Amino acid sequence: MMPDNSWYKELVVYQIWCRSFKDNNGDGNGDLLGVLEKLDYIKSLGANAIWFSPIYPSPNADWGYDISDYKNIHEDFGDLDLFKKIVDEAHKRDMKIIMDLVVNHTSSEHYWFKESRKSKDNPYSDYYIWKDGKNGGPPNNWLSIFEGGAWEYVKERDQYYMHAFAKGQPDLNMDNPKVREEVKDIMRFWLDMGVDGFREDVITFISKDPDFPNGFPIPIACGIEHYNKGPNLMQYLNEFRNDVVKNYDCFLVAESPMTGAKDAVKFTSGKDRVFDMMINFEHMSADCFMTDTVHLPFSLRKFKKALGSWQTKLYGKAWNALYIENHDHPRVISRYGNEKFRTESGKMLATVSYCMSGTPYIYQGQEIGMVNNHLKSLDEFKDVVTFNNEKVFKKIGMPRFIYLKIANKTSRENARTPVQWNSTKNAGFTTGTPWFGVNKNYKEINVETEEKDPNSILNYYRKLFKVRQENKVFIYGKYKEFYKRSKKIYCYEMSYKGQKALIIGSFSKKSMTFEAPKGWNLCNDNLVLNTYPDVNNIVDNKIDLRPYEALVYLKK
Ligand code: NOJ
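The rules we used
Residues numbered from 1 in each chain as written. Predicted model: local features only at pLDDT ≥ 70, side-chain atom pairs only at ≥ 80, totals over all residues. Heavy atoms only, no water. 1 Å grid on protein atoms, 1.4 Å probe; cavity = no way out; pocket = protein on both sides within 12 Å on 5 of 7 lines; lining within 4 Å. Points joined across faces, edges and corners; volume = space filled by probe spheres on them. Helix = DSSP H or I, 4+ residues; strand = E, 2+ residues; numbered from the N terminus. Nonpolar A, V, L, I, M, F, W, Y, C, P; charged D, E, K, R; others polar. Expected span 1.5 Å × (residues − 1). Buried < 20%, exposed > 50% of the residue type's maximum accessible area, 1.4 Å probe, protein only. Near = heavy atom within 4 Å. Polar contact = N/O pair within 3.5 Å; in protein donor to acceptor, adjacent residues only side chain to side chain. Areas by Shrake-Rupley, 256 points an atom, 1.4 Å probe, with all protein chains shown as cover.

Trainee: Is there a simple way to think about the layout of surface pockets in this case?
Mentor: Summary: where empty space remains is shown by rolling a probe the size of a single water molecule over the atoms. Approximately 470 Å³ is the volume attributed to the second largest pocket. The wall of the second largest pocket is formed by 24 residues, among which Phe298, Ser334, Arg335, Tyr336 and Gly337 lie closest to the centre. Every element with two or more residues in the lining of the second largest pocket is listed here: helix H10 (332-336) and helix H13 (400-410). Per element, the largest residue contribution to the lining of the second largest pocket is four residues, and it comes from H10. Here the lining of the second largest pocket is composed, by residue class, of eight nonpolar, eight polar and eight charged.

Below, the structure written as structure tokens:
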């Protein structure tokens, strides 16, 4: 019998990208002792789970998403004993811990790969995707997502290996049953230690088209239609589920780029589901043109359409993961809100995003309204994606200073600056030299300052998660949207077992009049969340909404 893991529906997950969270030993890198120190803080937000982005040994070609040892902890962060202590301490506080499971690829420094590249006939030869070249070049025209072509030549084998991401991230050959056994073994290792589940990194990439045909010629990720969602995907996922997941009281959240709500229903509904929920990317491209490196002005209609589609298509069948930030996207206030109205737009974005059905995920620093970094030089960046884009843009003749502007706006490094704890040197993140520059605004934006201010974003998040937890209409409710065509207002209703909630958010920097939709009589006695310190009067079922204001009414 599969354990009943439906508790995942009432989690609020806090994501830790450890290197930038809190440094305890003064070496400039965040670490697990820093996490231990802040467990109560995380709990105080209303979070009852932590997702660790990879904390395993890694040469950091992709800051941890290139793993060189799956059953250990990076020495910058601590060791297994310390990690076990965190699991125990979290459990004592009724908090769950999930790990990032990165098994589409390993690091090129992993023992398996080092062996695999040596010859065509050693125990690890078939652990990766090796192919002969064609006409003096790579096996096909595929391009990686992070670093040029998807194939790298290795002299010892006179063959090419495939990498969907960076060169230092060779893709595993999941068609090899031995590799699948390794994956199961890794899962058991962490679950036996007590972790409560996994966030599965680009998990839909694990099966490739066995013919390796040329892809549709586009300048980035050409061939992705053949290396995402291949023919054996379901078989492998079912195997992981039947042989491992079923035997533990745990949950799985899948990362799967280019997946729509319809697909999500396929993967996440019913008792035989292969994941408990999936990370939706659609609402995170409401300001993007084709790729997330090219930003256009934010489109509220695109944002609402994406969220609405997942809410309605998954309702009663599957489950949503709700998020607006993680380590792969710039800070949301700088994207969808307004840095000049940081507090207002930060609270409003939280309101409209987390009052709907699903499991909320928040990313370190989001709770205090951290915003994008504005670096002075491209030399200060540290991420393979930024480096690669720089090359791509150089090829098309773009001057470096223009690319700097683009990187400051669109790079995921904006989310990777150290967490700002207080206004002392280095924002209280470290007593040493931070591995990556602290955002210059730390004196104004930091946890200590937000703690003291009852109207801060931080205190608002606490209130929001409390209201959400106390009123199941937000967690399980049915979604209905009003004013769909509005470019400035996001308004929806949630209903569940006789309860009804109305969520209103303004995306405008100007005040405007809002009229309640049909069926709603606004009454401030029913107001359960408001983002300004005072409340406006309601006249004739109309209310003046101030810049980026959000309001939530609840009828019981
Ligand atoms: C998705 C992760 O979220 C991202 O940070 C990483 O670079 C890629 N997968 C490759 O593992």
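Trainee: Help me understand helix H9 (residues 300-314) in this model?
Mentor: Because each turn of an α-helix spans 3.6 residues, side chains separated by three or four positions end up pointing in the same direction. Across its 15 residues, H9 extends 21 Å between first and last C-alpha, which sits within 8% of the 21 Å expected from 1.5 Å per residue. What H9 keeps buried is the set Leu300, Phe303, Lys304, Ala306, Leu307, Gly308, Ser309, Trp310, Gln311 and Leu314. Once H9 ends, the next one or two residues include Gly316, with phi positive near 75 degrees.

Trainee: Looking at this structure, I do not really get the site of the ligand. What am I missing?
Mentor: Within the structure, the ligand sits among 14 residues, and Asp62, His105, Asp201, His327 and Asp328 are positioned closest to it. Asp62 places a polar side-chain atom, nitrogen or oxygen, 2.5 Å from an oxygen atom of the ligand. Separating an oxygen atom of the ligand from a side-chain N or O atom of Asp201 is a distance of 2.7 Å. Expressed as a share of its isolated accessible area of 290 Å², the protein-covered part of the ligand is 98%. Its residues assigned to classes, the shell around the ligand shows four nonpolar, three polar and seven charged.

Trainee: In this structure, what is going on with unusual backbone geometry? I would like to understand it.
Mentor: What you tend to see is this: most non-glycine residues have negative phi, and most peptide bonds are trans. Phi is positive for Trp63, close to 40 degrees, though the residue is something other than glycine. Topologically, Trp63 is positioned in the loop between strand S2 (49-52) and helix H3 (80-92). Despite not being glycine, Asp94 has its phi angle at roughly 60 degrees, a positive value. Considering the arrangement of structural elements, one finds Asp94 in the loop between H3 and strand S3 (96-101).

Any link to function would need more than the numbers given here.
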